[in-house]
Amino acid sequence: MAARVSLYLEILGVACLLATACAREVNQFPEGFLLGAATSSYQIEGAWNEDGKGESIWDHMLHEHPEYGNNGDNGDVACDSYHKYAEDVQALKELGAKVYRFSISWPRILPNGDLDVINQAGIDYYNNLINLLLENDIQPVVTMYHWDLPQALQYIGGWPNPILADYFLEYARVLFDNFGDRVKWWTTFNEPITFVRGYSTSGGQAPSQKARGIGNYLATHTVIRAHAKVYRLYDEQYRSTQNGRIGITVGTNWYEPYNDEEENLAAQERILQFELGLFANPIFVDGDYPAVVRERVDNNSRAEGRPRSRLPSFTDEEKRMINGSADFLAFNSYTTMVVRSAEFGFSPSWGRDTGTYRWYNLSWPASGATWLRVVPWGFRKVINWVSTRYPNYPIFITENGYIDSGELDDQGRISYYGQYMAEMLKAINEDGANVIGYTAWSLLDNLEWNSGYEVKFGIYHVDFNSTERTRTPKASASFLAGIYRNMSVPEEYFT
Ligand code: NOJ
């Protein structure tokens, strides 16, 4: 095996005089690499209406339409982390996590979404969590928005309404004022490509507004402007005293072209630009949407007889504000699909605009859900795609993980993490990708949105039948603890 482990020489600005002293084997993480685990507020906190918290769009949708969820599952109690956060921190400690990625619930801080009411109990909750993390040498990595918009802001249209960018800015200011002295890693949004779908289809993502091919782009436009405003606010008013970093979490599958025909290679590029570039290109490249996205949505809109494109345009001033508005690129990825060129799907829709047809290769190993096939080599490819397209930004992998049905001896999850982390290390050590952190999804079994509690992602089991919501480490928790302790992935995963 040792022969297969290649040496990677890290030349840290100066030439290494003794090559062996600078060498890192392919299975080792770089010094200072941030390893940890991730969760999000609605998926774990519960206490949906306690201590002054306002209603979120997920509370609202799953209460009004339990049939949109699975078995009527919702986040009313979830893992009860609002009361049991100390147990979560204990689990992170056992794991040897250096970072914990969690999100702040906007309606727990601002029940009406605006500054008219600032909920001190919500601020206290996150202060307690942050302080306990820091006492245990765990750095908070905080997501400002992981999909739980205050319902009060949905009543004014939600993300398609451009004014939401200003509401988000004011919310962010409250976060910097209250937590910025201790939080040094921020991301504004989590996976916007997923949550903007809440404005294109009903029955799935909240708030379940069916304006297919229109609402999702309007929401996209506001979200990018909101992100950039918050970044600039931090730059102008907080960075010099708080010294933190701000990014945005974008996500995509890897897409493998059906074959090497030119049209399918172009389809591969298109889908990656529509899924990831839609958000990443404006922020990390040039302040604007990818050319292929602009062209296709404009052309389709024209062909539909519309007087304007379904995808709005940024002003020159907005482009300048958006361009370069991040210190790092946070990235979620789980699986790989196959793609070919096709005019497919409802018109109008994002799917049709992409000009692609996508499917799962059923010969790739399955997990506990059909959408998550275990394709570790796709992870290396997608990391390399991101690192080549957005070369000036460090990459923080904020989500990656495996679904099963909840067994404590979760060998499938161990194998997934071993293989995916090995491919990530190849991307870092052999291909030169600048990845600086990795948080496994998820610390806990939790509410997988519309799929409910049946879908298990946790490295800790949570007993949802007990009012105690007892946490129990699965085999994968000690597997990851070993990796985190040794800062290396066992060599067997590199064969
Ligand atoms: C992406 C989301 O950010 C997270 O909330 C979700 O649970 C995981 N993917 C798994 O689907």
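Everything numeric in this text was worked out from a predicted model, so none of it was measured. For every chain, the first residue of the written sequence is number 1, and numbering continues from 1 onward in sequence order. Residue-level local features of this predicted model are given only where pLDDT is at least 70; pairs of side-chain atoms are given and counted only at 80 or more, and the full residue set underlies all totals for whole chains, interfaces and linings. Side-chain measures were taken over the full set of non-hydrogen atoms in the model, leaving aside hydrogen atoms and water.

**What to know about the packing of aromatic side chains**
Ring pairs shown here join Phe, Tyr and Trp side chains whose ring centres sit within 6.5 Å, with only the six-membered ring taken for Trp; geometry is labelled stacked below 30 degrees between planes, edge-to-face above 60, and tilted in between. Taken as a whole, this structure holds 48 aromatic pairs when the rule is applied. Relative to Trp159, the ring of Trp106 has its centre 6.2 Å away and its plane inclined at 55°; by these criteria the two rings are tilted. Of this pair, Trp106 sits in helix H5 (residues 106-109) while Trp159 sits in the loop between helix H7 (151-154) and helix H8 (164-179), and the two are 53 residues apart along the sequence. Side by side, Trp106 and Trp159 carry an identical accessibility label, which is buried. In this text, helices come from DSSP runs of H or I with a minimum length of four residues, and strands from runs of E with a minimum of two, each type numbered from the N-terminal end. Burial status follows relative accessibility: with a 1.4 Å probe on protein chains alone, a residue under 20% of its type maximum counts as buried, one over 50% as exposed, and anything between as partly exposed.

**Observations concerning the sheet that holds strand E3 (residues 34-38)**
For two strands to count as paired, DSSP must find a minimum of two bridges between them. Reading around the circumference, E3-E4-E5-E6-E7-E9-E12-E13 is the order of the eight strands in this closed barrel, with parallel pairing throughout. Each strand axis lies, on average, 25° off the axis of its neighbour in the sheet, ignoring direction. Looking at chain direction, strand E12 (residues 395-399) and strand E13 (residues 435-441) are connected through three bridges and run parallel. Bridging across to E13, Ile395 finds its partner in Val435. By definition in these notes, contact holds between two residues if any of their heavy atoms fall within 4.5 Å. The convention used is that axes are lines fitted to C-alpha atoms, helices contributing only their stretch in contact, and that angles between N-to-C directions extend from 0 to 180 degrees. Contacting strand E4 (99-103) and strand E5 (139-145), helix H6 (residues 120-135) runs over the sheet at an angle of about 170° to E4. Packed onto the sheet, helix H16 (residues 411-429) meets E3, E12 and E13 and runs at close to 170° relative to E13.

**Observations concerning the nonpolar core**
Throughout, nonpolar core names a set of buried Ala, Val, Leu, Ile, Met, Phe, Trp, Tyr and Cys residues whose side chains join them through atoms within 4.5 Å. Counting 152 residues, the largest nonpolar core has Trp159, Met424 and Tyr438 as the members making the most contacts within it. Per element, the largest residue contribution to this core is 11 residues, and it comes from helix H10 (residues 215-242). The contact partners of Met424, leaving out residues within four places of it in the chain, are Phe29, Phe33, Phe379, Ile383, Ile397, Val435 and Tyr438. Val99, Val141, Trp185 and Ala330 belong to the second-largest nonpolar core, a separate cluster that totals eight residues.

**Describing the environment of Gly355**
By the element assignment, Gly355 lies in the loop between helix H14 (350-354) and strand E11 (356-359). Residue classification places Gly355 among the buried residues on the basis of a relative accessible area of 0%. In this structure the C-alpha to C-alpha distance between Gly355 and Asn400, which are 45 residues apart in sequence, comes to 27 Å.

**Regarding the pattern of salt bridges**
Salt bridge, as applied in this entry: a Lys or Arg side-chain nitrogen positioned within 4 Å of an Asp or Glu carboxyl oxygen. Applying the stated criterion across every chain, the model contains 28 salt bridges. Between Arg239 and Asp235 there is a salt bridge, with its nearest N and O atoms 2.5 Å apart. In this pair, Arg239 and Asp235 both sit in helix H10, four residues apart, roughly one turn of the helix. For Arg239, a relative accessible area of 21% gives the class partly exposed. Note that Arg389 is salt-bridged to Glu269, the shortest N-O span being 2.7 Å.

**Comments concerning helix H17 (residues 475-486)**
By this rule, a helix spans an expected 1.5 Å times one less than how many residues it contains. Taking 1.5 Å per residue as the helical rise, H17 with its 12 residues ought to reach 16 Å, and the 17 Å between its terminal C-alpha atoms agrees with that figure. Regarding H17, the residues found buried are Ser476, Ala477, Phe479, Leu480, Ala481, Gly482, Ile483 and Tyr484. Those residues of H17 that are buried are in contact with E3, helix H4 (81-95), H16, E13, strand E14 (460-462) and strand E15 (471-473). The first or second residue beyond H17 is Met487, which carries a positive phi of 55°.

**Description of the site of the ligand**
Within the structure, the ligand sits among 13 residues, and Gln43, His146, Asn190, Glu399 and Glu448 are positioned closest to it. Any N or O atom pair separated by 3.5 Å or less is treated as a polar contact, with the protein-specific requirement of one donor-capable and one acceptor-capable atom, and with residues adjacent in sequence counted only for side-chain atom pairs. Here an oxygen atom of the ligand and a side-chain polar atom of Asn190 are 2.7 Å apart. With respect to the ligand, the side chain of Trp449 contributes an N or O atom lying 2.9 Å from an oxygen atom. Here the ligand has 300 Å² of accessible area as a free molecule, and 94% of this is covered by the chains. Cavities and pockets were defined on a 1 Å grid built from protein atoms only: a cavity is a group of points that admits a 1.4 Å probe but offers it no way out, a pocket is an open group of points flanked by protein on both sides within 12 Å along at least five of seven lines, and a lining residue is one with an atom within 4 Å of any such point. Think of it this way: if more than half of a molecule's atoms are within 2 Å of a pocket's grid points, that molecule is in the pocket or cavity. Assessed atom by atom at 2 Å from the grid points, the ligand resides in the largest pocket. We call a residue near a molecule or strand when any one of its heavy atoms sits within 4 Å of it. Residue burial considers only the protein chains on display, and all accessible areas are found by Shrake-Rupley using a 1.4 Å probe.

**Considerations on the packing of H16 against H17**
Two measures define how a pair of helices packs: the angle their axes make with one another and the distance between the axes. Packing of H16 against H17 leaves a shortest axis separation of 8 Å and a crossing angle of 25°. As judged from the angle between their axes, H16 and H17 are roughly parallel. Note on packing geometry: the crossing formed by H16 with H17 is right-handed. Across from Gln411, Arg413, Ile414, Tyr417, Gly418 and Met421 in H16, the residues of H17 making contact are Ala475, Ser476, Phe479, Leu480, Ile483 and Tyr484. Under the scheme applied, nonpolar residues are Ala, Val, Leu, Ile, Met, Phe, Trp, Tyr, Cys and Pro; charged residues are Asp, Glu, Lys and Arg; polar residues are all the others, including Gly. Tallied by class, residues from the contact of H16 with H17 come to eight nonpolar, three polar and one charged. Roughly parallel here means an angle under 35 degrees, roughly antiparallel means over 145, roughly perpendicular means 65 to 115, and every remaining angle is called oblique. Left-handed is the label given to a crossing in which the near helix is rotated counterclockwise from the far helix by less than a right angle, and right-handed is the label when the rotation is clockwise.

**Focus on the sheet that holds strand E10 (residues 336-341)**
In sheet architecture, strand pairing relies on hydrogen bonds along the backbone and comes in two forms, parallel and antiparallel. Reading across from one edge, E8-E10-E11 is the order of the three strands in this open sheet, with mixed pairing throughout. At either end of the open sheet lies a strand with only one pairing partner, and these are strand E8 (254-257) and E11. For this sheet the average axis-to-axis angle between neighbouring strands, irrespective of direction, equals 40°. Bridging between E10 and E11 involves four bridges; their strand directions are antiparallel. Considered in E11, the bridge of Arg340 is made with Tyr357.

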